[in-house]
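# Residue-level structural notes
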Amino acid sequence: MSRPGPWLLGPFDQVSFVPVSEERCLEIEKECSAGQYKLEIEPTMFSMATCTSFMDAILGELAEFKEKQAQGVAREGAWENDLLHKSLAQEELDTARSDSDAGKLF
């Protein structure tokens, strides 16, 4: 199957993943870097009914994932905010010290 551009995927293409050993993963990485890895591409027909059925089957799992994702984003945001405030406070302290040191006579 050839594509009109440098990309592998097109609309409605489906990707599946298979477990591989760490050793095989490293081999695949080397093959990809050398341009020698052959993808397994199988022509299939997209089925909206199958897709809808699949999405319905994973609704609970998807909701759980999105909740965990939102919690993680919130934690990361709070952590970044905390770091920013600490950095700004340290910068303010350093500036105040520098200003007071500049006013001292030797």
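Residues numbered from 1 in each chain as written. Predicted model: local features only at pLDDT ≥ 70, side-chain atom pairs only at ≥ 80, totals over all residues. Heavy atoms only, no water.

### Looking at a nonpolar patch on the surface
Worth spelling out the cut-off: What goes into a patch is any residue over 30% in relative accessible area without a salt bridge, connected to like charges within 9 Å or, for nonpolar side chains (Val, Leu, Ile, Met, Phe, Trp, Tyr), within 5 Å. Using a 1.4 Å probe, accessible areas were evaluated by the Shrake-Rupley method; residue-level cover was limited to the displayed protein chains. The term salt bridge refers to a side-chain nitrogen of Lys or Arg lying within 4 Å of a carboxyl oxygen of Asp or Glu. Strands are runs of DSSP state E lasting at least two residues, helices are runs of H or I lasting at least four, and both sets are numbered from the N terminus onward.
Together, L8, L9, V15, F17, L39 and I41 make up an exposed nonpolar region whose accessible area comes to about 680 Å². For I41, the location among the structural elements is in the loop between α1 (22-33) and α2 (48-57).

### Section: the state of the cysteines
Operational definition: Any two cysteine sulfur atoms lying within 2.5 Å of each other are counted as a disulfide.
Here the structure, examined in full by the defined rule, presents 0 disulfides. Free cysteine C25: the closest other cysteine sulfur is in C32, separated by 9.2 Å.

### A short note on the packing of aromatic side chains
Rules: For Phe, Tyr and Trp, rings pair up if their centres lie within 6.5 Å, where Trp contributes its six-membered ring, and each pair is then called stacked (planes under 30 degrees apart), edge-to-face (over 60) or tilted (otherwise). Buried residues are those whose accessible area, probed at 1.4 Å on protein chains only, stays under 20% of the maximum for their type, while exposed residues exceed 50% and partly exposed ones sit between those limits.
Under the defined criterion, the tally for this structure stands at 1 aromatic pair. A ring pair is formed by F12 and F46, whose centres lie 4.8 Å apart and whose planes are at 45°; its orientation type is tilted. Here F46 lies in the loop between α1 and α2 and F12 lies in the segment before α1, a separation of 34 residues in the sequence. Under the relative-accessibility criterion, F12 is labelled exposed at 61%.

### Considerations on the confidence of the model for the protein
Here is the rule: pLDDT runs from 0 to 100 and stands for how confident the predictor is about each residue.
Chain-level pLDDT for the protein is 89 on average; 92% of the residues reach the 70-or-more range. The weakest mean pLDDT in the protein belongs to helix α3 (residues 59-102) at 93; the strongest belongs to α1 at 96.

### Side note on the pattern of salt bridges
Under the definition given, this model contains 4 salt bridges. Between E27 and R24 there is a salt bridge, with its nearest N and O atoms 3.2 Å apart. Placement of the pair is E27 and R24 together in helix α1, with a separation of 3 residues, close to one helical turn. The class of E27 is partly exposed, set by a relative accessible area of 34%. One salt bridge in this structure joins E64 and K68, with 3.3 Å as the shortest N-O distance. With E64 and K68 both in helix α3, this residue pair falls 4 residues apart, about one helical turn. The class of E64 is partly exposed, set by a relative accessible area of 47%.

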